[in-house]
Amino acid sequence: MYKVLLADDESLITLGLMALIDWEDYGFEIAYTAESGEEALRYLKEHPIDLLITDILMGEMTGLDLIKDAKEIQPKIKSIILTGYQEFEFIKQGLLLGIENYLVKPVDEEELLTTIQNVGRKLSASSVATAAGPAEEGSTLLDNTLWRFLNGEIDKNDCLERISLYNVQFDQSFYNVSILNFEHYQKTEIKKNIRDLIEAQYSATCLYSPNQELIIIFGGPCEADLVTWNQGLVKQLCEEQLGTGLFYLSMGKTVKSIELLEESFNTARDYSLLQFYLEPNMLISDGSTIDRQEELKRQQEFKENIVKLLLHADEEALQMIDLFFDCLKKESKFISPQVAKKYTFDLMSYIHFSIQPDDLSHYTAAIERIVYSSDIELMKAILREYCYEIILSITNQVHMRSPIVQNVLQFIHAHYDQGLSLKTLGQQFHVNAIYLGQLFQKEVGVVFSEYLNRYRLEKAKELLKTTHYRAGEIGKKVGYSDTTYFYKQFKKTVGTTPSEWRKI
């Protein structure tokens, strides 16, 4: 576990940060909380700390002074500052001290999560490689800002205000977002060299995504320039010994303003899925020749065949899973972990919603494990295990239920968005609520409240993937009157926030 020190003269802030996310799920633990810079320094002199999160203004010692002194004591410590909107000049000073990011109060859960995930990756890399150079060390704040903007989480003005801390200009007539997936992304020095090369030789700004991708924002005076630069980068990566290994460059559509960068990014993500059908070391764009309808038809037939086998408890379905991943790997040629993950999620979701197993725990557990996996063999093992549980469930015929429980389940599936309880169901079906609760748990295997909660969350996940409703609206549509409670239950059960799930 990486150790975190929180420093803020408002105890409510530190308490809020401790409760905002499940730190241990991401490899961090809160080692100490201090109410002043002086108290934090005393602790730092005696205890090793990996990450310092401090308010920028605290009593006699500012957060900037604390960071400066902390680096003298523990040079490798990472730091994040908490700030208000009126303290922008202080933030510029913080950049000179190498802060990872600044978080505006009240702290946004998703921005905090993205930041500590990036910090965790840096800490992991530094344990097996030499320390990254200044360009990478100072990139977290910029990367965070651009990533959130491309995903529609902050608006243009907020984005421009934050990137004004860097020498980054968005004053071109045309833009496009491209995604570079390459085989040796985990090698920090190669990754940094590629980013430096692109930003030096092209009119482009880069960022590292949380999904092991290098995102490139090209900007130029005309559309033809953007196409030429994308083609030129592919040629350069093919001809020069840059260490990327096999790669794909997916070029999003050109747009005329930075407000439309999210649209370009989304098309780049769609094109990146074509890795499954194309040879590596190439540009994937709207000019890529693929019969998408034929491929979609083939995928659909494949998924339907797996579901038919599972419904008959036929273990040949597991062999088809192996075949599916053999195709993904394409005889050991490169396919990015993010694309493999996307296809795995798609197949698992299709299986789940086709079969509709009453016990949702296996599905939820498998999804949680895949979210944090980057190894294709591990994804295959998780999906095989999930399908095997379905086969066992059908084989053992454990779902032979009494008519009353079958009726209750049908009612839940039809009215999950309403206020349901054992009391209201007991009245609906003329049975004692306590007896119904005991019978439900015995035959379904989980208590009523847990089953209802998980079913609602499955419906929420479906809406997140298939609609453009905001997460809070979706929570209400599936039966959660309290948006905050919906967010907490989603994070606790699924392992990601609703917005993270939507991006997967």
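Look up: the structure comes first, before these words.
A brief report on the enclosed structure follows. Given the structure is predicted, the values throughout are model-derived calculations rather than measurements. (Residues numbered from 1 in each chain as written. Predicted model: local features only at pLDDT ≥ 70, side-chain atom pairs only at ≥ 80, totals over all residues. Heavy atoms only, no water.)

**Considerations on the overall build of the protein**
Then, number 1: A tally of regular secondary structure across the protein gives 23 helices and ten strands.
Then, number 2: In the protein, which comprises 504 residues, the share counted as buried stands at 51%.
Then, number 3: Carbon and sulfur atoms form 50% of the exposed surface of the protein, whose accessible area is close to 23,500 Å². (Helix = DSSP H or I, 4+ residues; strand = E, 2+ residues; numbered from the N terminus. Buried < 20%, exposed > 50% of the residue type's maximum accessible area, 1.4 Å probe, protein only. Areas by Shrake-Rupley, 256 points an atom, 1.4 Å probe, with all protein chains shown as cover.)

**Section: the packing of aromatic side chains**
Then, number 1: The full count for this structure, using the stated rule, is 17 aromatic pairs.
Then, number 2: With centroids separated by 5.7 Å and ring planes inclined at 75°, the aromatic side chains of F440 and Y451 adopt a geometry described as edge-to-face. Pair noted here: F440 is in helix 19 (residues 433-444) and Y451 is in helix 20 (residues 448-466), with a separation of eleven residues, a long-range link. Exposure class is identical for F440 and Y451. Each is buried.
Then, number 3: Between F486 and F490, the aromatic rings sit 5.9 Å apart at their centres with planes inclined by 65°, giving edge-to-face as the arrangement. Of this pair, F486 and F490 are both found in helix 22 (residues 483-494), four residues apart, which corresponds to roughly one turn of the helix.
Then, number 4: Residue classification places F486 among the buried positions, given a relative accessible area of 0%.
Then, number 5: Classification of F490 as buried rests on a relative accessible area of 0%.
Then, number 6: Linked through ring pairs, Y416, F440, F448, Y451 and Y455 together constitute an aromatic cluster.
Then, number 7: A cation over an aromatic ring shows up here: R195 above the ring of Y208, its NZ or CZ 4.6 Å from the ring centre.
Then, number 8: Taking the ring centre of Y469 as reference, the NZ or CZ of K477 above it sits at 4.4 Å. (Phe/Tyr/Trp six-rings, centres within 6.5 Å; stacked < 30°, edge-to-face > 60°. Lys NZ or Arg CZ within 6 Å of the ring centre and 35° of its normal.)

**Brief notes about the pairing of strand 4 (residues 78-83)**
Then, number 1: Taken across its six residues, strand 4 has six buried, putting it largely inside the fold.
Then, number 2: As judged from the five bridges shared by strand 3 (residues 51-55) and strand 4, these two strands associate in the parallel manner. Residue pairing in the sheet places I53 in a bridge with I80 of strand 4.
Then, number 3: Handedness of the crossover is the feature at issue here: the chain leaves strand 3, passes through helix 3 (residues 63-73), returns alongside strand 4, and the resulting connection is right-handed.
Then, number 4: Across four bridges, the pairing between strand 4 and strand 5 (residues 101-104) is parallel. Among the inter-strand pairings, I81 is bridged to a residue of strand 5, identified as Y102. (Pairing = 2+ DSSP bridges. Right-handed = clockwise from strand over helix to strand, strands pointing away.)

**What about the environment of I80?**
Then, number 1: Along the polypeptide, I80 turns up in strand 4.
Then, number 2: Contacts of I80, omitting those with residues within four sequence positions, involve L51, L52, I53, T54, E100, N101, L103 and T115. (Contact = heavy atoms within 4.5 Å.)

**Structural notes on the sheet that holds strand 5**
Then, number 1: Judged by pairing direction, the sheet is parallel, and its five strands sit side by side in the order 2-1-3-4-5 without closing on themselves. Every other strand in the sheet has two partners, leaving strand 2 (28-34) and strand 5 as the edge strands with one partner each. Taken pair by pair, the neighbouring strands of this sheet meet at an average axis angle of 20°, ignoring direction.
Then, number 2: Looking at chain direction, strand 1 (residues 2-7) and strand 2 are connected through six bridges and run parallel. Of the residues in strand 2, the one forming a bridge with L5 is Y32.
Then, number 3: Along the sheet face, helix 2 (residues 37-46) touches strand 1 and strand 2 and points at about 130° away from the line of strand 2. (Axes fitted to C-alpha atoms, helices over the stretch in contact; angles between N-to-C directions.)

**Quick notes on the packing of helix 14 (residues 337-355) against helix 15 (residues 361-371)**
Then, number 1: The geometry of helix 14 relative to helix 15 is characterised by a closest axis approach of 11 Å and an angle of 175° between their N-to-C directions. The orientation of helix 14 with respect to helix 15, classified from their angle, is roughly antiparallel. Contacts between helix 14 and helix 15 involve K341, T344, F345, M348, S349, H352 and F353 from the first element and Y363, A366, I367, I370 and V371 from the second.
Then, number 2: Split by residue class, the contact of helix 14 with helix 15 holds eight nonpolar, three polar and one charged. (Parallel < 35°, antiparallel > 145°, perpendicular 65-115°, else oblique. Nonpolar A, V, L, I, M, F, W, Y, C, P; charged D, E, K, R; others polar.)

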